[in-house]
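# Architecture at a glance
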Number of protein chains: 2
Amino acid sequence: MAENKILIEGSGKHCHVSQSTLYALFGDGFEMEVKKELSQPGQFATPHKITVVGPKRSTDVTILGPCRNADQIELSLTDATAIGLKPPIRESGDLAGSPGCKLIGPKGEIEIKEGVIIAKRHIHFTVEDAAALGIKDKQTVSVKVDGDRALVFGEVVARVNPEYATSMHLDYDEYNGAALSASNTYGEIVL
Amino acid sequence: MAENKILIEGSGKHCHVSQSTLYALFGDGFEMEVKKELSQPGQFATPHKITVVGPKRSTDVTILGPCRNADQIELSLTDATAIGLKPPIRESGDLAGSPGCKLIGPKGEIEIKEGVIIAKRHIHFTVEDAAALGIKDKQTVSVKVDGDRALVFGEVVARVNPEYATSMHLDYDEYNGAALSASNTYGEIVL
């Protein structure tokens with residue numbers, strides 16, 4: 001990590017599911033395949049998709065593995081509006097009071113009572129990178145992006161964990177709203 | 001206009017068409033209907049849609065009236081990526097070198113050689129409002145937005161014209177990336 005330069009990655013709509021939800025949607029004993037390792041160690045994209053049914057429409061989302069304790073569906077505000085949901089902007093795992101929905105898989109369907117969120121923008125930090133910048137877990141920082149759609153993102157939550165790799169995560173509303181791309185992938189952390 | 005407070009409006013995917021394109025797609029002598037007056041005086045949304053065909057997929061866009069000299073299709077980066085186009089980020093009317101596409105209407109179809117753009121974010125100013133802030137036509141300003149996705153938009157082009165009403169225009173990537181909504185519609189101009 002050179003100085004305050006931070007790698008920015010766009011996250012498409014996706015979900016995390018519990019073991020029991022996985023079995024309910026894909027059949028008992030189903031095991032996820034790994035399609036691609038993600039930047040966060042141990043996390044992976046799968047080739048498996050489920051259908052998220054909103055009041056207006058439905059949309060297919062990719063499952064990220066491994067299984068977690070709770071089902072969590074992460075949509076962009078544009079995706080959520082299209083299917084008729086108004087989820088809150090939340091950190092991962094903070095699901096209380098978020099909308100539920102029906103989930104459909106190839107072998108079954110279930111209703112979840114909560115779990116649909118818009119991800120609050122955040123940076124995963126290794127302990128070393130955070131320490132080098134004097135940043136603490138849960139601290140809010142800003143990140144400056146250059147280009148045709150230059151902007152400064154505020155309200156970026158720092159998450160520091162020995163299990164992480166250092167990178168910033170945005171959804172595609174934020175990523176495209178800043179015109180980030182393969183040739184414009186870095187931001188500058190502003191404290 | 002109270003101090004530096006600016007009304008922010010989201011623009012969905014839309015197009016402006018020439019008279020000849022309108023006739024080619026909807027039939028000779030076709031007259032647009034007015035569905036809704038827009039904030040800029042004389043501009044209106046119509047109930048008419050055309051299909052924009054990209055290399056990967058197509059999408060329907062609303063025609064805004066009245067007719068203009070050149071065809072101009074304004075997509076968000078998310079919309080454009082979905083249909084397989086990579087338009088540049090441009091000010092309205094600056095179309096040289098932008099991608100073309102096929103346009104399909106109920107009575108015909110045409111190929112345009114250029115005209116698909118991602119709108120560069122901008123503020124329409126009345127002469128009075130611009131003067132009160134000391135802002136000149138074509139000047140670039142920044143605009144600060146509060147909330148869960150607080151940010152500062154840079155590269156906002158000021159456009160000053162006696163025909164305008166004062167308001168800022170974003171596409172929905174930018175609008176949703178900042179979590180703007182009916183209850184979070186104002187920004188603050190930062191000079």
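As a reminder, the structure under discussion sits directly above these lines.
Residues numbered from 1 in each chain as written. Chains lettered and ligands numbered in written order. Predicted model: local features only at pLDDT ≥ 70, side-chain atom pairs only at ≥ 80, totals over all residues. Heavy atoms only, no water.

Let us now look at the pattern of salt bridges. Counting across every chain of the model gives 14 salt bridges over all chains. We note a salt bridge from A:Arg149 to B:Asp171, for which the minimum N-O separation is 2.8 Å. Highlighted residues: A:Arg149 in the loop between strand E12 (140-145) and strand E13 (151-160) and B:Asp171 in strand E14 (residues 167-171), drawn from two different chains. The pair A:Arg149 / B:Asp171 is uniform in exposure class, with both members buried. A salt bridge links B:Lys144 to B:Asp146; the nearest nitrogen and oxygen atoms lie 3.1 Å apart. Of the residues examined, B:Lys144 reaches a relative accessible area of 34% and is grouped as partly exposed. You can call B:Asp146 partly exposed: its relative accessible area is 47%. Three or more residues joined by partner-sharing salt bridges are found here, namely A:Arg121, A:Asp171, A:Glu174 and B:Arg149. (Salt bridge = Lys/Arg side-chain N within 4 Å of Asp/Glu carboxyl O. Helix = DSSP H or I, 4+ residues; strand = E, 2+ residues; numbered from the N terminus. Buried < 20%, exposed > 50% of the residue type's maximum accessible area, 1.4 Å probe, protein only.)

The partner chain B presents 23 residues to the 23 residues of chain A that form the contact. Counting each side, the surface lost to burial between chain A and chain B is near 1,800 Å², with a carbon and sulfur contribution of 49%. The three residues of chain A that bury the most area against chain B are A:Ile89, A:Asp148 and A:Arg149, which together make up 31% of that side's buried surface. In this structure, the connection of chain A to chain B is made through 4 salt bridges. One can count 19 residue pairs in polar contact (both at pLDDT 80 or more) joining chain A with chain B. Of all the elements in the fold, those that place two or more residues in the side of chain A that touches chain B are helix H2 (77-83), strand E10 (116-119), E13 and helix H4 (172-177) of chain A. (Contact = heavy atoms within 4.5 Å. Buried area = accessible area lost by both parts, 1.4 Å probe. Polar contact = N/O pair within 3.5 Å; in protein donor to acceptor, adjacent residues only side chain to side chain.)

Another point: the pairing of strand E1 (residues 5-11) of chain A. Residue and element names in this part refer to chain A. Taken together, the 3 bridges between E1 and strand E15 (residues 186-190) define a ladder with antiparallel strand orientation. Of the residues in E15, the one forming a bridge with Lys5 is Glu188. The pairing of E1 with strand E14 (residues 167-171) spans 4 bridges and is parallel. Following the sheet pairing, Glu9 is matched in E14 by His169. (Pairing = 2+ DSSP bridges.)

Attention now moves to the packing of aromatic side chains. Residues and elements named next belong to chain A. Across all of its chains, the model carries 4 aromatic pairs over all chains by this definition. Between Tyr172 and Tyr175, the aromatic rings sit 5.2 Å apart at their centres with planes inclined by 65°, giving edge-to-face as the arrangement. Pair noted here: Tyr172 and Tyr175 are both in helix H4, with a separation of 3 residues, about one helical turn. Stacked on the ring of Tyr186, the Lys or Arg Lys5 has its end atom at 4.4 Å from the ring centre. (Phe/Tyr/Trp six-rings, centres within 6.5 Å; stacked < 30°, edge-to-face > 60°. Lys NZ or Arg CZ within 6 Å of the ring centre and 35° of its normal.)

As a further point, take the environment of B:Ile50. All names here are of chain B. Along the chain, Ile50 turns up in strand E4 (residues 44-53). Judged by relative accessible area, Ile50 falls into the buried class, the value being 1%. Measuring from C-alpha to C-alpha, the distance between Ile50 and Gly105 comes to 5.1 Å, with 55 residues separating the pair along the chain.

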